[in-house]
Amino acid sequence: MRNPRTATVGTTAGVAAASVVACLALAGCSTPAAAAPGISDDTVTVGTHQPLTGPAAAGYASISAATKAYFEYVNANGGVHGRSIEYVVKDDGYNPANTQTVVRELVQEDQVFALLGGLGTPTHSSVLDYLDQNDVPDLFVASGSTMWDDPEGHPNTFGFNADYVVEGAALAQYTADEHAGSKVCVFGQDDDFGAEFLEGVELALGADGVTAHESYSTSNQDVTAQMGALQAAGCEDVLLATVNGFTALAVGTAAKMGWSPRWLASSSGGDYPTLVELLGEDVAPALLQGFVSANYLPFGPDGEWVELFEQINDEYNDGARFDGNTVYGMSVGYLFAEALAQAGEDPTRESLVEAVESGKLEGNGILPLMFGPDDHSAFDGVGITVVADGVQDYVGATYAVGGGKVTEVEPQPVELRGGGVPAP
Amino acid sequence: MTATRPAETEEIAVRDARCSDPRPARRLTPTQRILLRAVVLTLLAVAATFLLDPYRNYQLAVVAATFCATAGLTLLVGLTGQLSLGHAVLMAAGGYGYALAVNAASSAGLDGGGAAGAARVVLGLVGALVASGALGGLLGLAGARLRGPYLAGLTLAMVVALPALTTQVPALGGDQGLAVPFEGVPEVLSLLIVVEQWHAWVAIVVAALAVTPLAVLRSGRAGLRMRAVHGDETAARLSGVSPARVKVGAFVASSLAAGLGGAVLCLVTQSVGPGRYDLAFSLLLVVAAVVGGLGSLGGAAAGAALVVLLPWLVDTVTGAVGVPADLEQRLSGNLAVLVFGALLIVVTLAWPGGLARAAARRRHRPHRPRGRTDAPAAPPPPPASQPLER
């Protein structure tokens, strides 16, 4: 028995040693590289992580389809600096564990030039450090967390949404202006989304201005207890820091209980067409009459941007349902195309980030973009929209937050030029 | 390992009798052989990372972490017959233990790279061991009193309860989970390797530290006791073996390994949350152990690789075949589960002992003609998989 076994061990060790030497000789596969990935003479590849399946898919799956349609429109019109934009969409099911995998796949396998519009606070925050370590431009994150605005800690990351503090403050201020002295309550997601929104509400109303506060977890689809508590507290205005699915759930659950307070929802959960789909065509118009939300994109039914986006949607997106997500997805695409145009003939990751930081980007929002070397947030204010007879539109009230104060401002919409294809 | 096992039991007896033997033993004890083998395999795996691109190295790290859990699980089910459907929760316990310890350490001043980083990681691993060991001990205590489907039910309930638990306990960070500091490549190595490869190294070393003790346990007296308890509790008790103690011990050992796996996943992905450790993942760990071959550590490694790589492989194939977008979206995530199910059925039909058993049989086949000509000697079944055949 002895000899064969000793021989086996000896052979194994020999093979091992040989393999180690061979592998060290071949070293280089994982050594740090310096080339600029994702860009060739005629293409630019960008990637994103989106919830195409899972709990958030119902509200947001159409965003990436809209962005893709917009890029196809740009490519059909000559692209940017002669390069067409390739857009790689990966499904993460709104699960941070998947996000970590698919983003590594995008960066290392698909060699994307930049990440564009990664969706969700819990999902995207789990890859923030990874993207920073790999110097990947992380543009226009689809979430209103204040986490993205950290030029020192994450110099390549830029947000897109008006942050939740701004939205909470603006909606609360609007309530205070319209219904002075009413009982204001907050219903929010049990993460940074809900916490920052509440911070904004308290900024506008004072720490004791909130009568009651309830929260939910996305993994639990029952909000009866929370609605009951808010009703018992006598809330008249309920501010919602909810995703679309839970806005519908809150409104529907309250209606079943025979309770109808005034609802004011963050832009993340206040898209009327999406809510109608979730609540049902028959009851939604009645339930959502007077529904207040915030927005910062050209959403009004008869603007030139919406007209263009509707055309693109018909031509390149098979005429999919046109809603706030469509406008959102195409606006993100437009802003990226603008940044790419500004980044020069031969863009690098550095010049792309510099272009965003230059402050020259206009975007298509109703307020000027805030981007600059010291500010990586897109919007510091929002406009108020109200649903009237099945149409959601701006009512003119627009608020900006700065220096710990909420102020009413004038909207400054951007004019549509060059058929919506940015020129350098 | 598998092929030589019948000799080991004999060797243990020999070794025990040899204690007074004055002659220096040239021949290695089973433990020494396991250690040597572990060192060789670890070096091989570390060397292999040089052949992989960063994304493959990331996958390798995840495989190593999953291997920790499947190795513990295969030992638990294969040797003691305790079926745990909740090993994902034990991994999660390790992950949370790691995150809490690391975050506490970095707020206490250990927040740099270099030596501070290494100390932080070690503290984190200790945290993972404490958390998973404590949870595993509790579950094991309950498990020793429960039989068959009831233990499976209990562990299954743990998986289902995990998201609710993380939402209710504020320190666990809800659905978002906890974030931990990034562990970069040490200064000396930063020109040679990228961070994914470094993480793969850490994962391989931790996996070796988690799995080697399991191999030692299995080949020694503890392994014999586990088999005895699984074979016949009454007989084991009559021989002076305490079934309860053996079962709890096996559960704790298996939990500690799973906990280290969770800690590695947390380190590699810089976060821990309930999303990763859902019911599907927990059941996949069992599938990995069964497909690999219950009781076999090599099988557990193969199973872990399968669990990590198959979904990616399936996605790559559907992407390459050019499935229409809406169909692809519908298949996304579901097809892999389907393939796993089919694989499980095929493997159990073709090789009831799993991949490890199939590989062992193949190794034996060429030797057959050289054996005695009168009786075609069937290879002795490895004791590890015996309980399956009862």
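Residues numbered from 1 in each chain as written. Chains lettered and ligands numbered in written order. Predicted model: local features only at pLDDT ≥ 70, side-chain atom pairs only at ≥ 80, totals over all residues. Heavy atoms only, no water.

When its secondary structure is counted, chain B shows 16 helices and two strands. Looking at chain B as a whole, 49% of its 390 residues are labelled buried. Intrachain contacts of chain B at a sequence separation of at least 6 include 77% that bridge at least 24 residues. As presented, chain B carries roughly 17600 Å² of accessible surface, and 68% of it is formed by carbon and sulfur atoms. (Helix = DSSP H or I, 4+ residues; strand = E, 2+ residues; numbered from the N terminus. Buried < 20%, exposed > 50% of the residue type's maximum accessible area, 1.4 Å probe, protein only. Contact = heavy atoms within 4.5 Å. Areas by Shrake-Rupley, 256 points an atom, 1.4 Å probe, with all protein chains shown as cover.)

This part covers the overall build of chain A. Looking only at helices and strands, chain A features 14 helices and 13 strands. Per-residue burial for chain A yields a buried fraction of 56% across its 424 residues. Accessible surface, chain A: about 16000 Å² in total, of which carbon and sulfur atoms supply 50%.

With that settled, the discussion passes to the packing of helix H3 (residues 54–80) of chain B against helix H12 (residues 297–321) of chain B. Residue and element names in this part refer to chain B. Where H3 contacts H12, the axes come no closer than 7 Å and their chain directions differ by 135°. As the angle between them shows, H3 and H12 are arranged oblique. Both H3 and H12 take part in a crossing whose hand is right-handed. In contact with Tyr55, Arg56, Gln59, Val62, Val63, Thr66, Phe67, Thr70, Ala71 and Thr74 of H3, H12 contributes Leu297, Ala300, Ala301, Ala304, Ala305, Val308, Leu309 and Trp312. (Axes fitted to C-alpha atoms, helices over the stretch in contact; angles between N-to-C directions. Parallel < 35°, antiparallel > 145°, perpendicular 65-115°, else oblique. Left-handed = near helix turned anticlockwise from the far one by under 90°.)

Here we take up the sheet that holds strand S11 (residues 381–388) of chain A. Residue and element names in this part refer to chain A. Reading across the sheet, the eight strands line up as S7-S6-S8-S9-S10-S11-S12-S13 and stay open at both edges, with mixed pairing between neighbours. Since the sheet does not close on itself, it has two edges, and those belong to strand S7 (210–216) and strand S13 (405–408), each with one partner. Going across the sheet, the axis of each strand differs from the next one's by a mean of 25°, ignoring polarity. With four bridges joining them, strand S10 (residues 292–295) and S11 adopt antiparallel strand pairing. Opposite alanine 294, over in S11, you have isoleucine 384 as the bridge partner. Most of the contacts of helix H7 (residues 192–205) go to strand S6 (residues 184–189), to which it runs at about 160°, and overall it touches S6, S7, strand S8 (237–241), strand S12 (391–402) and S13. (Pairing = 2+ DSSP bridges.)

This paragraph deals with the pattern of salt bridges. All names here are of chain A. In the structure shown here, the tally under the stated rule is eleven salt bridges over all chains. For lysine 90, the salt bridge goes to glutamate 105, with nearest N and O atoms at 3.5 Å. Of this pair, lysine 90 sits in strand S2 (residues 84–91) while glutamate 105 is found in helix H3 (residues 96–109), placing the two residues 15 residues apart along the sequence. For the pair formed by lysine 90 and glutamate 105, the shared burial category is buried. Connected via shared salt-bridge partners are Lys90, Glu105 and Asp110. (Salt bridge = Lys/Arg side-chain N within 4 Å of Asp/Glu carboxyl O.)

What follows covers the nonpolar core. Counting 108 residues, the largest nonpolar core has Phe140 and Phe336 of chain A as its most contacted members. Here the element with the most residues in this core is helix H13 (residues 324–342) of chain A; it accounts for eleven residues. Built from parts of two domains, this core gets at least three residues from each of domain 1 (43–162 + 299–379) and domain 2 (164–295) of chain A. Filtering out sequence-adjacent residues up to four positions away, phenylalanine 336 of chain A remains in contact with Val46, Phe71, Ile85, Leu116, Leu139, Phe140 and Leu352 of chain A. The next biggest cluster of nonpolar side chains, apart from the first, holds 83 residues, and it includes Phe67, Leu76, Ala263 and Ala300 of chain B. (Core = buried A, V, L, I, M, F, W, Y, C linked by side-chain atoms within 4.5 Å. Domains from an automatic or database assignment.)

Quick look at helix H9 (residues 244–256) of chain A now. Residue and element names in this part refer to chain A. Given a rise of 1.5 Å per residue, 13 residues ought to cover 18 Å, and the 18 Å separating the end C-alpha atoms of H9 matches this to within 8%. Those residues of H9 that fall on the buried side of the exposure criterion are Asn244, Phe246, Thr247, Ala248, Ala250, Val251, Gly252, Thr253 and Ala254. Just downstream of H9 lies glycine 258, where phi reads positive at about 70°. (Expected span 1.5 Å × (residues − 1).)

Right, let's get into the sheet that holds strand S1 (residues 43–50) of chain A. All names here are of chain A. Read from one edge to the other, the open sheet built from five strands follows the order S2-S1-S3-S4-S5, with strand pairing classed as parallel. The open sheet terminates on both sides in strands that have one partner only, identified here as S2 and strand S5 (157–159). Between one strand axis and the next, the sheet turns through 20° on average, direction left out of account. Alignment of strand S4 (residues 138–141) against S5, held across two bridges, turns out to be parallel. Looking across to S5, one finds that valine 141 is bridged to glycine 159. Across the sheet, H13 lies against S1, S2, strand S3 (114–116) and S4, angled at about 150° from S4, the strand it touches most.

This next bit is on a nonpolar patch on the surface. Residues and elements named next belong to chain B. Together, Val122, Val126 and Val130 line one region of the surface with nonpolar side chains, adding up to about 260 Å² of accessible area. By secondary structure assignment, the location of valine 126 is in helix H5 (residues 114–145). Take valine 126: its relative accessible area is 43%, and that puts it in the partly exposed class. (Patch = residues over 30% accessible without salt bridge, like charges linked within 9 Å, V, L, I, M, F, W, Y side chains within 5 Å.)

Moving on, we come to a negative patch on the surface. Residues Glu304, Glu307, Glu310, Asp314, Glu315 and Glu415 of chain A make up a contiguous surface patch of negative charge. Here glutamate 307 of chain A is to be found in helix H12 (residues 304–316). (Lys, Arg positive; Asp, Glu negative; His and termini not counted. Charge placed at Lys NZ, Arg CZ, Asp CG, Glu CD.)

Moving on, we get to the confidence of the model for chain A. Mean pLDDT over chain A: 86, with 92% of residues reaching 70 or higher. Note on residues 1–11 of chain A: pLDDT is under 50 here. Beyond four places in sequence and across chains, it has eight contacts. (pLDDT = per-residue confidence, 0-100.)

Moving on, we get to the state of the cysteines. All names here are of chain A. As enumerated under the stated definition, the model contains one disulfide over all chains in all. Across the disulfide, cysteine 185 is cross-linked to cysteine 235 (sulfur-sulfur distance 1.9 Å). When the S-S torsion is -90°, as for the bridge of cysteine 185 with cysteine 235, the disulfide is left-handed. With cysteine 185 in strand S6 and cysteine 235 in the loop between helix H8 (224–232) and S8, this pair connects stretches of sequence that are 50 residues apart. (Disulfide = S-S within 2.5 Å.)

All names here are of chain A. Taken as a whole, this structure holds 23 aromatic pairs over all chains when the rule is applied. Between the aromatic rings of phenylalanine 160 and tyrosine 296, the centroid separation amounts to 6.3 Å while the plane-to-plane angle is 70°, which identifies the pairing as edge-to-face. Here the residue phenylalanine 160 occupies a position in the loop between S5 and helix H6 (164–178), and tyrosine 296 occupies one in the loop between S10 and H12, the gap between them amounting to 136 residues. Note on accessibility: phenylalanine 160 and tyrosine 296 belong to one class, buried. Judged by centre distance (4.2 Å) and plane angle (15°), the ring pair of tyrosine 216 and phenylalanine 246 falls under stacked. In this pair, tyrosine 216 is assigned in strand S7 and phenylalanine 246 in helix H9, connecting sequence segments 30 residues apart. Relative accessible area serves as the criterion here: at 2%, tyrosine 216 is assigned to the buried category. Cluster of aromatic residues (ring-pair linked, three or more members): Tyr70, Phe71, Tyr73, Tyr87, Trp305, Phe309, Tyr316, Tyr334 and Phe336. Directly above the ring of tyrosine 130 sits arginine 104, whose terminal nitrogen or CZ lies 4.4 Å from the centroid. (Phe/Tyr/Trp six-rings, centres within 6.5 Å; stacked < 30°, edge-to-face > 60°. Lys NZ or Arg CZ within 6 Å of the ring centre and 35° of its normal.)

Here we come to the confidence of the model for chain B. Residue and element names in this part refer to chain B. On average, residues of chain B score 82 in pLDDT, and 84% of them reach the 70 mark or higher. Confidence over residues 1–22 falls short of pLDDT 50; this stretch has 29 contacts with residues more than four positions distant or in other chains. For the stretch residues 368–390, pLDDT sits under 50, and the model shows 26 contacts to residues farther than four places along the chain or on other chains.

Turning our eyes to something else, we now look at empty space enclosed by the protein. Per the stated rule, a full pass over the model turns up seven cavities of 30 Å³ or more. Taken as a whole, the largest cavity spans an internal volume of roughly 400 Å³. Taken together, 32 residues make up the lining of the largest cavity; nearest its centre are Tyr60, Asn161, Ser267, Ser268 and Tyr328 of chain A. Those elements that place two or more of their residues in the lining of the largest cavity are helix H2 (57–76), helix H4 (121–125), S10 and H13 of chain A. Ranked by residues supplied to the lining of the largest cavity, first place goes to H13 of chain A with four residues. Broken down by class, the residue content of the lining of the largest cavity amounts to 15 nonpolar, 15 polar and two charged. Split by domain, the lining of the largest cavity shows at least three residues from each of two domains, domain 1 (43–162 + 299–379) and domain 2 (164–295) of chain A. Space inside the second largest cavity adds up to approximately 100 Å³. Lining the second largest cavity are 15 residues, with Pro96 and Ala97 of chain A together with Ser271, Val272 and Gly273 of chain B sitting closest to its centre. (1 Å grid on protein atoms, 1.4 Å probe; cavity = no way out; pocket = protein on both sides within 12 Å on 5 of 7 lines; lining within 4 Å. Points joined across faces, edges and corners; volume = space filled by probe spheres on them. Nonpolar A, V, L, I, M, F, W, Y, C, P; charged D, E, K, R; others polar.)

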